[in-house]
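# Tertiary structure, described
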Amino acid sequence: MKHPNSFSNEKSTKDEILYKPLYLIPPKKGRYIVLDTETTGLKKNDHVVELGANEILDGKLTGAQFHIYIKPRLQMEEILDCADKGYKLGFRTIVLQGGEDYKSDDESICEVIRKIKKAHSDVAVTLSIGEKSRESYEKYYNAGADRYLLRHETAVKEHYEKIHPREMSFDNRIRCLNDLKSIGFQTGCGIMVGSPYQTWDDIISDLFFMKDFKPHMIGIGPFIPHKDTPFADKKQGTVEDTLHLLAVIRLMIPRVLLPATTALGTINPRGRELGIL
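This section reports on the structure supplied with the text. These numbers come from a predicted model, not from an experiment. (Residues numbered from 1 in each chain as written. Predicted model: local features only at pLDDT ≥ 70, side-chain atom pairs only at ≥ 80, totals over all residues. Heavy atoms only, no water.)

### Here we look at the nonpolar core
The cut-off we apply is this: Put simply, buried Ala, Val, Leu, Ile, Met, Phe, Trp, Tyr and Cys residues joined by side-chain atoms within 4.5 Å make one nonpolar core. A simple rule labels every residue: compare its accessible area, found with a 1.4 Å probe on the protein chains alone, to the largest value its type can have, and call it buried under 20%, exposed over 50%, or partly exposed in between. Secondary structure elements follow DSSP: runs of H or I of four or more residues count as helices, runs of E of two or more count as strands, with numbering from the N terminus. Note on definitions: a residue-residue contact is assigned when non-hydrogen atoms from the two residues lie within 4.5 Å.
Ranked by internal contacts, the top residues of the largest apolar core, which has 47 residues, are Ile113, Ile116, Leu127, Tyr137, Tyr140 and Tyr148. Contributions of two or more residues to this core are made by α2 (76-88), β4 (93-97), α3 (106-119), β5 (124-128), α4 (134-143), α6 (170-183), α7 (200-213) and α8 (239-252). The element that contributes the greatest number of residues to this core is α6, accounting for 6 residues. Not counting residues up to four positions away in its chain, the partners in contact with Tyr140 are Asp106, Ile109, Cys110, Ile113, Leu127, Ile129, Lys132, Ala145, Tyr148 and Phe185.

So this is what it looks like as structure tokens:
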């Protein structure tokens, strides 16, 4: 028998589908999952920004629920607007960071780079968008990108394999860094201090790797566990260890660009200031 509040087979107009309140109440018997979403709008380029779900069993909430915020992809105009505002504030380095973003095609990234450089020819454009092919890196460089930050994470292959998915490889990460440097990028590497399974022997190997690689930039910050990852129960890295390593790196490679990372400020209100000092 059809539930009285279920959808009918009758045709509805577009406006009715999009805007008419719908009350779909599950029957008192059975298990149901109720989903809810929040979006930036209903146009072609809008995105889902929040997703939630609750379980209902025999007409009652069980307490089982799911909730997540989804960061929408920045549009071209938003990126260029941020670059313009940063330039007016006096910034002369624009960092485009997105991690392992496989949805952004090379041409879209190159277009952003070209437009930033056209508007502000005296800024350095830094990319931090993960592992790519040499061909992709060459496209970004030819479009005008100046710097590329790709943390090597660890110089020890066995450690790398413990903290990365199986489809990623230590050899490919090193290949990426060598490609970036040989193409002409000001290249950055780095580590997370206190990452899972990391030992002081590993960190010593990292220091020797960085000295031999001679990067233009080094980004290091404390490991911060996240509740939705396999490392949720792992110990957080410390400000003290990070500061000690910043000091050692400054002595080993005096002229390297060595930023005080946001992770330092996340675990200590004065973390970034301490990193500079």
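### Things to note about the pattern of salt bridges
This is how it is decided: Between Lys or Arg on one side and Asp or Glu on the other, a salt bridge is scored when a side-chain nitrogen of the former is within 4 Å of a carboxyl oxygen of the latter.
Counted by the stated rule, this structure contains 12 salt bridges. Residue Arg31 pairs with Glu55 through a salt bridge whose shortest N-O separation is 2.5 Å. With a gap of 24 residues between them, Arg31 in strand β1 (residues 31-39) and Glu55 in strand β2 (residues 48-57) connect regions that are remote in the sequence. The closest approach of N and O atoms between Lys85 and Asp81, which form a salt bridge, is 3.2 Å. With Lys85 and Asp81 both in helix α2 and 4 residues apart, this pair spans about one turn of that helix. Residue classification places Asp81 among the partly exposed positions, given a relative accessible area of 35%. Salt bridges linked by common partners bring Arg134, Glu138, Arg175 and Asp179 together as one network.

### Concerning the sheet that holds β4
Quick note on the threshold: We call two strands paired when DSSP finds no fewer than two bridges between them.
The sheet built from 5 strands is open, its strands ordered β4-β5-β6-β7-β9 with parallel pairing. Only two strands of the sheet have a single partner each, and these edge strands are β4 and β9 (217-218). Pairing geometry for β5 and strand β6 (residues 147-149), over 2 bridges, is parallel. By the bridge assignment, Thr126 is partnered in β6 with Arg147.

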